[in-house]
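Chain residues, written in single-letter form:
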Amino acid sequence: MADDEHEVVERQVGKGFEARFDLDDAFSDGEDADYNLEFSSAAIKKHLAENPSWAGHNDREDDGETENSSARDHDTSMSTFCLDGSSNSYSESRSSSSSPPPPTAEEQPDEQEVPQDFSDITLSEEPSTNGHSTSHGDTQEGDASPLRDTSPPWDTSYPAVHIDASRSPPSRVMMSAGAERNGKDHQEDEAANPVSNASSSYLPAPGHDIPPLPSSPSSPLPQTLTTPTIISQRRQTYSAGPSAFQRVMSQTRPHFLPPKNRQEDQKHMADWQAMMKQSRAAEEKRRKALQERRLARELKVEQFMYKWEKEILPDWRVVHKNPNLRRLWWNGIPTKLRASMWQQAVGNALALSNGRHMHIFLSAVAFIVFQDNYRSCLSRATRALSSGSFPAETLQAVEQDILSTLPALHIFHPETGPLYQDLRDMLCAWVVSRADEGLGYVHGTAKIAGMILLNMKPQQGFIVMRNLLERHCMRSLYGSVAAKDDVEAYYRIFDTLLADCMPKIYFNFKQHQISPGAYLPDWLIPLFLDHLPFEACARLWDVLLLEGDSFLFRAALAVLAVLEPRLFFPDRQELLDLLRGENKAALEVAKREGRLLDSAKYDIYGVDEETLWERIDSMEDWWKESTWRRLTQRELPDL
C-alpha cells in the first residue's frame, strides 16, 4: 500500500458512482508507519490471495473467473453459516435457471445435492490435515459413501450450530455435538440431535422430507428463523446447599453498600449468630416464666373451689351484688364448674328443652310438654343429608369452617379428631334451626360450637349456643342483610369508644381510611378464637357471658391497646395485614424462632393472656357502664 498521510476509503455503491472520504487519524501517535487502506473488490481479493487462511479453498479461486461470474451481481443474502469452524464451501458458480424440483425417494442419492446459489461462510478456523478444506463439490465427485466426520479431534463441550436459509423454517437451525468422545456418547448425541458432526450439518438424512427450494433468486424469504425445540436428555438437579453466589454474598451488609473484607464479614456474622442465640434463649426463658405464672393462677382459681360451690353455684346472680365474688368470677371459672356456670349465665331465653325436663309449668294450672330441641333439629338435618336436599354449598362451608377450628388442639380433625362428628352434627342442626327464619350458615360458627363442646355435651351446648347467638349484638352480626343497620350502629359505638380511649390509634385509622368494619367482624363473630390464644379466650368467655355485649367492645379495645406499638405504619395495606395477623416481618421472626403457626394469629405479636388482661384491668377507671348505655340508646333507640 502507498504511504500517505490520510486514509483513503473507497467504496463502490452499486456501480453508479464512487465516494471518497479523507479521514484524519485522530488517534495516531506519529510513530507508526502511515499507510492507505483501500476498500474495493480488487483490494479484498488481493488480500485474500495473500492470506490463504482467511478463506476456504473455493474462496481462493482465480480472480478473473470470479470477477467474470455473474453470480456475484445477484442476491447473496441467502447464505449458510457454519459456526463450528468447519470450512465446507459450496461452489460459488451460480446457475441462471431456476432450481430443479426435489428428487423423489427413489432418485434421492446418499448426499442431498445442495443448490449452487448459496455461499458457505466459515466463522472460525479448523485444523486441516491437507492444509485446506474440502469443498462440497469435491466431496460429491470423489466419494459417494456416507459423509465423513470432519469434526475436530479434541473434546468440546459446546455443540455446533448450523443455519441453512435454504430450508424450511422448522429445520433451518440445527445443532451437532462436539467431537466424538467415545462410541456410546456419539450414539447418544446422534439420537438426541439430527446432525451429529460438522460435515453432515448441511445435508439431512435421505429419509427426511425436504421442502422445495425457492424457484428464483427473487423469491421472498421468511423474516424470522424459528429454532427447533431441542429436548435435553439431562435431568435437572437441585442443590441441597447454598448456591455459589450465596456462599460469597455478604449477609451482614446490604447489596447497595461497598463490600466488606472476608474476615470482617465472618466476624460480624458470628456476632449476629451469637445475638440471635441469646435472643432465642431470652424468649424461651420469658415463655417458661409466663407458663409458670399461668399455671400458678389456675392453681389459685382451683383453690377457691369451695367458695364457688358454697356461694356462687346456688345462685350465680349474687356476683352482681358482691364485688368480691365478681372479681373472683373475673379471675376465671374453675374448669369443673365451667359448663354449669356458662349454662346459667347465658340462660334460656328461647325456652328450648334439652331433654332432661320434658315439661315446663307456665302457670299453676296449665303446662306444655317440649321435646328435645337438639334431637329434633338433628333428625331433620340427618334426613336432609340422606335425601340429598341439604344444600351442598352450606355443607361445604361447614366442612371448611371445621378445618380451621382450633387447629392446634387437633381435636376436631376430620380423620383423627374425637369430637369431629359431634361438631358436624351440632352445626347441621343449627343450620336447620335457622332455616325457618330464612337464615343460612355464617363462617366462624364452628369456632363457637367447638369451644362449647370442649366444656359440655352436645345437647347442652346446642341450647347454650342458640341462646348466646340470640343476644342482640351477636344476632346482628349473624343475621341477614336486614340487620346491616344495627351492625353499622355498633361500629359507630366502637368508633366513639376508640376515639375516647385511644385517640392516636383513632386518628391513624381515620388517616388510612380504616373503619371498624375492616377488622371488628373477624374478632367478634368467632369471639376472638381465631386471633387470641385459647387460654385467653376461655377467660374472656367467662366474663363475656357474665357482662354481656359491652365486654365484647372492651376486649376489642384491649386488643388494640396491645397492638398499639405496631399500628403506625405508613402503608394502609401493611396496616390491614397486621390486623389480620398476616404481617410478613412478624411471620418471618416466628419461623426463625420455631413457633407454631397453626395456633392463634396474634401469637406472632406476643399477645397472651397476661398482657391482654393487664390492658383490660387498666380500663377499670375509664370504663363506665353508663357510657355504654348512653351510646346504645343513642345509636340503637329500639333496643
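Residues numbered from 1 in each chain as written. Predicted model: local features only at pLDDT ≥ 70, side-chain atom pairs only at ≥ 80, totals over all residues. Heavy atoms only, no water.

Observations concerning the overall build of the protein
Point 1. When its secondary structure is counted, the protein shows 24 helices and eight strands.
Point 2. Partitioning the intrachain contacts of the protein with sequence separation of at least 6 by distance along the chain shows that 69% fall at a separation of at least 24.
Point 3. Surface summary for the protein: the accessible area is close to 38200 Å², and the carbon and sulfur share equals 53%. (Helix = DSSP H or I, 4+ residues; strand = E, 2+ residues; numbered from the N terminus. Contact = heavy atoms within 4.5 Å. Areas by Shrake-Rupley, 256 points an atom, 1.4 Å probe, with all protein chains shown as cover.)

Points about helix 19 (residues 534-547)
Point 1. Taking 1.5 Å per residue, 14 residues should reach 20 Å; helix 19 reaches 20 Å between its end C-alpha atoms and fits that length.
Point 2. Counting buried positions along helix 19 yields 12 of 14 residues, so the element is predominantly enclosed.
Point 3. Inspection of helix 19 places Ala536, Cys537, Ala538, Arg539, Leu540, Trp541, Asp542, Val543, Leu544, Leu545, Leu546 and Glu547 among the buried residues, and these make up the whole buried set.
Point 4. Residue Gly548 follows helix 19 closely and has a positive phi angle near 95°. (Expected span 1.5 Å × (residues − 1). Buried < 20%, exposed > 50% of the residue type's maximum accessible area, 1.4 Å probe, protein only.)

Side note on unusual backbone geometry
Point 1. Residues other than glycine seldom take positive phi values, yet Ala351 does so here, at roughly 55°.
Point 2. Structurally, Ala351 can be placed in the loop between helix 9 (338-346) and strand 7 (359-361).
Point 3. Ala351 sits in the partly exposed class, given a relative accessible area of 37%.
Point 4. Here the phi dihedral of Leu527 falls at roughly 55°; this positive angle occurs in a residue that is not glycine.
Point 5. Along the chain, Leu527 falls in the loop between helix 18 (520-524) and helix 19.

Re helix 17 (residues 503-511)
Since there are 3.6 residues in each turn of an α-helix, residues three or four apart along the chain are aligned in direction.
Point 1. Buried within helix 17 we find Ile505, Tyr506, Asn508 and Phe509. In a view along the axis of helix 17, the buried residues occupy a sector of 165°, so they form one face of it. Exposed positions of helix 17 whose direction lies more than 90 degrees from the buried face are Lys504, Phe507 and Gln511.
Point 2. Packed against the buried residues of helix 17 are helix 16 (484-501), helix 20 (549-563) and helix 21 (572-579). (Arc of directions from axis to C-beta.)

As for the pattern of salt bridges
Point 1. One pass over the full model with this rule turns up 24 salt bridges.
Point 2. Where Arg326 meets Glu547, a salt bridge forms, and the shortest distance between an N and an O atom there is 2.8 Å. On the criterion of sequence distance, the pair formed by Arg326 in helix 8 (residues 323-330) and Glu547 in helix 19 is long-range, its members being 221 residues apart.
Point 3. By relative accessible area, which is 19% here, Glu547 ends up buried.
Point 4. In this structure, the salt-bridge partner of Asp495 is Lys510, at a minimum N-O distance of 3.2 Å. Of the two residues, Asp495 is situated in helix 16 and Lys510 in helix 17; the sequence distance between them amounts to 15 residues.
Point 5. By sharing partners, the salt bridges in this structure join Glu283, Arg286, Arg287 and Asp608 into a single network. (Salt bridge = Lys/Arg side-chain N within 4 Å of Asp/Glu carboxyl O.)

Focus on the packing of helix 7 (residues 305-312) against helix 8
Point 1. Packing of helix 7 against helix 8 leaves a shortest axis separation of 12 Å and a crossing angle of 125°. With respect to their mutual orientation, helix 7 and helix 8 come out oblique. Crossing of helix 7 over helix 8 shows left-handed handedness. Contacts from Lys307, Trp308, Glu311 and Ile312 of helix 7 reach helix 8 at Leu325, Leu328 and Trp329.
Point 2. When grouped by side-chain class, the residues that make up the contact of helix 7 with helix 8 number five nonpolar, no polar and two charged. (Axes fitted to C-alpha atoms, helices over the stretch in contact; angles between N-to-C directions. Parallel < 35°, antiparallel > 145°, perpendicular 65-115°, else oblique. Left-handed = near helix turned anticlockwise from the far one by under 90°. Nonpolar A, V, L, I, M, F, W, Y, C, P; charged D, E, K, R; others polar.)

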